[in-house]
Amino acid sequence: MSSLPLPPVTLPLLPVVPPAVAMRWSALILAAVTLGCHAQDRTTEAGEASITDAKAECAPYDYPPLDAQRTAFPPPSKAADILPNDTTAQSRWQSIVSSVPNIPPKPAPGSSGSGGFKYPPGDPDCWWTGTQCVTPKLSGLPPDIADVPEPSTMGYGFDDGPSCSHNAFYNYLASKNQKASQSPHVFCTSCRDLVLLAAMFYIGTNVYNWPLEAQRGLADGHEICVHTWSHNYMTSLSSSSAFAELYYSKYQFLILHQSPQMLTPHPQRQMEIIKLVVGVTPTCWRPPYGDVDDRIRAIANGLGLRTILWKYDSFDWKYGSGGTKKAEIDANYQDVINKASNGSFASAGAIMLTHELNDFTMSEAMEYHDKLQAVFKYIVPVGVAYNNTQAYVETNYTLPTFEQYISGTTTIPPGAQAKLASPSGSSSGSGGSTSASASPSPTSAAVVTLPWTHAGKWLLVTFALIVLC
């Protein structure tokens, strides 16, 4: 039996073209689609934020503005120390060293000598690791922040970022707290008009390895704080090394939005060059493992950093180690939820230790966000809970007060020059959709009838690829 000829294919919205021309168009479209499917923009924060595949997110990339300055920072593989040729850092250290008490370093847990270490029971150093002390014994130091003063409020934040695979997590955070204040980013003309969401405690070496991910934290409106250079036990380090752990992390954030031309290295003035470039300088930090005493507090205070701790720990970082199961982490979250439900935070709010560390810790945060929001009246960044409107050294960057934040009031600092896109504008943002002017609808659809040839087959394959991409 002979086969019947296939009927012609009717395709709407296409001009009438000869099959040969259709094949040429199809080839061009196919090439563009193939490149679009596989190529990723690893040169801008917006491009990096648009990547949806976690494996692609975590593929290494070069970032020229930072590449030009990598020798101005300590190696990322070990604890920091002041670089021999960094006279700016050396001068800064000399300016505060006299205010640092002569407290010997303490052995890190599990290190040699830790087994025989005996700390005096009177807690002379206000050592948080040993006693949970948050009120320094050394005069002139401010108390640590371990909870928030606002009742029924969660001081929200995440340690150990930026994670290379955090796009899904940041997209989720950007979709929450829609009544929160929209905070302008006066240092970045490409920053999105998004709400402040959380305090992010970034590790310097993670910023070193994933600068565009760190940029997203700033662009999304998170409150950025320091989490040291290499995430070591701070009280185990020498005083100069502890200084370097904070110094190089703090001033690293100043390079995040700059062009290579503005970052020409100078053998004597690495940090001064960076300071000349517009950026933000954090004024908050969190010690890894909470390991802080008055010696470390004095160093942080000399650098203008306020110490932020916590009273509740999700222990999400323990998942997978020592047989720790998800159910144990869930129970820690649930404990805080239960306390909030029974009125434990009626007079003052809470800070819970959670992490951007890996996919599990971020997925737990997403799983429990709405459950926390159901029992806490407000979930706000830690600085907002303290009405810290000047969260950075730069005075032309203002954050909202707590009342402004919860009421949805937008605060714009005087003289702000950034042109931010309105929610209905055409600027695109990670975690959001791009708004564009719609093309006028055609009054009638042009229809072309092609015979079932190779041209028609190629067009159908091309359109299928567009849909799949």
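Preceding this paragraph is the structure being described.
What comes next is a walk through the structure. (Residues numbered from 1 in each chain as written. Predicted model: local features only at pLDDT ≥ 70, side-chain atom pairs only at ≥ 80, totals over all residues. Heavy atoms only, no water.)

**What about the nonpolar core?**
Then, in step 1: Core analysis: the largest hydrophobic core is formed by 53 residues, its most contacted members being F243, L246, Y248, W285 and I299.
Then, in step 2: With seven residues, the top contributor of residues to this core is helix α10 (residues 239–252).
Then, in step 3: Those residues within four positions of L246 in sequence are excluded, and the remaining contacts are V226, T228, M234, W285, I299, A300, L303 and L305.
Then, in step 4: Listed in part, the 36 residues of the second largest apolar core include Y156, A198, A214 and Y333. (Core = buried A, V, L, I, M, F, W, Y, C linked by side-chain atoms within 4.5 Å. Buried < 20%, exposed > 50% of the residue type's maximum accessible area, 1.4 Å probe, protein only. Helix = DSSP H or I, 4+ residues; strand = E, 2+ residues; numbered from the N terminus. Contact = heavy atoms within 4.5 Å.)

**Focus on the pairing of strand β8 (residues 350–353)**
Then, in step 1: With burial as the criterion, each face of β8 is covered, one bearing A350 and M352 and the other bearing I351 and L353.
Then, in step 2: Of the pairings in the sheet, the one linking strand β2 (residues 153–161) to β8 comprises two bridges and is parallel in character. Within β8, the residue paired with G155 across the bridge is I351.
Then, in step 3: Alignment of strand β7 (residues 312–313) against β8, held across two bridges, turns out to be parallel. By the bridge assignment for β8, Y312 is matched with M352. (Pairing = 2+ DSSP bridges.)

**Digging into the packing of aromatic side chains**
Then, in step 1: In this structure the tally under the stated criterion is 20 aromatic pairs.
Then, in step 2: Between the aromatic rings of F158 and F169, the centroid separation amounts to 5.0 Å while the plane-to-plane angle is 85°, which identifies the pairing as edge-to-face. One end of the pair, F158, is in strand β2; the other, F169, is in helix α7 (residues 167–174), with eleven residues separating them in the sequence.
Then, in step 3: Given the relative accessible area of 1%, F158 is considered buried.
Then, in step 4: A residue is classified by how much of its surface remains accessible, and F169, at 1% relative accessible area, is buried.
Then, in step 5: With 5.2 Å between their ring centres and 85° between their planes, Y247 and Y248 make a pair best called edge-to-face.
Then, in step 6: Among the residues examined, Y247 registers a relative accessible area of 1% and is labelled buried. (Phe/Tyr/Trp six-rings, centres within 6.5 Å; stacked < 30°, edge-to-face > 60°.)

**Thoughts on the side chain of H222**
Then, in step 1: By the secondary structure assignment, H222 is in the loop between α9 (211–219) and β4 (223–226).
Then, in step 2: Overall, H222 belongs to the buried group, its relative accessible area being 1%.
Then, in step 3: In terms of polar contacts, H222 uses its side chain to reach the backbone amide nitrogen of A198, at 3.3 Å. (Polar contact = N/O pair within 3.5 Å; in protein donor to acceptor, adjacent residues only side chain to side chain.)

**A word on the state of the cysteines**
Then, in step 1: Applying the stated criterion across every chain yields a total of three disulfides.
Then, in step 2: Across the disulfide from C58 sits C164; the S-S distance is 1.9 Å. Of note, the bridge from C58 to C164 carries an S-S torsion of about 90° and is right-handed in sense. Remark: C164 occurs in the loop between β2 and α7 and C58 occurs in the loop between α3 (54–57) and α4 (64–67); sequence separation between them is 106 residues. (Disulfide = S-S within 2.5 Å.)

**Topic: helix α12 (residues 294–302)**
Then, in step 1: Of all nine residues in α12, seven are buried; the element is thus mostly enclosed.
Then, in step 2: Taken together, the buried positions of α12 are occupied by D294, R295, I296, R297, A298, I299 and A300.
Then, in step 3: Of the residues that open α12, the one with a side-chain oxygen 3.1 Å from the backbone nitrogen of R295 is D293.
Then, in step 4: Backbone geometry just downstream of α12 places G304 in the positive-phi region, at approximately 75°.

**Examining unusual backbone geometry**
Then, in step 1: Cis rather than trans, the peptide bond between G161 and P162 has omega equal to -10°.
Then, in step 2: Looking at where P162 falls in the secondary structure, it is placed in the loop between β2 and α7.
Then, in step 3: In the Ramachandran plot, C126 falls in the positive-phi region, its phi being about 50° despite a non-glycine side chain.
Then, in step 4: Note on placement: C126 falls in the loop between α5 (87–96) and α6 (128–131).
Then, in step 5: Taking relative accessible area as the criterion, C126 reaches 0% and is therefore assigned buried.
Then, in step 6: Despite not being glycine, Y289 shows a phi value in the positive range, around 65°.
Then, in step 7: If you trace the backbone, Y289 turns up in the loop between β5 (284–285) and α12.

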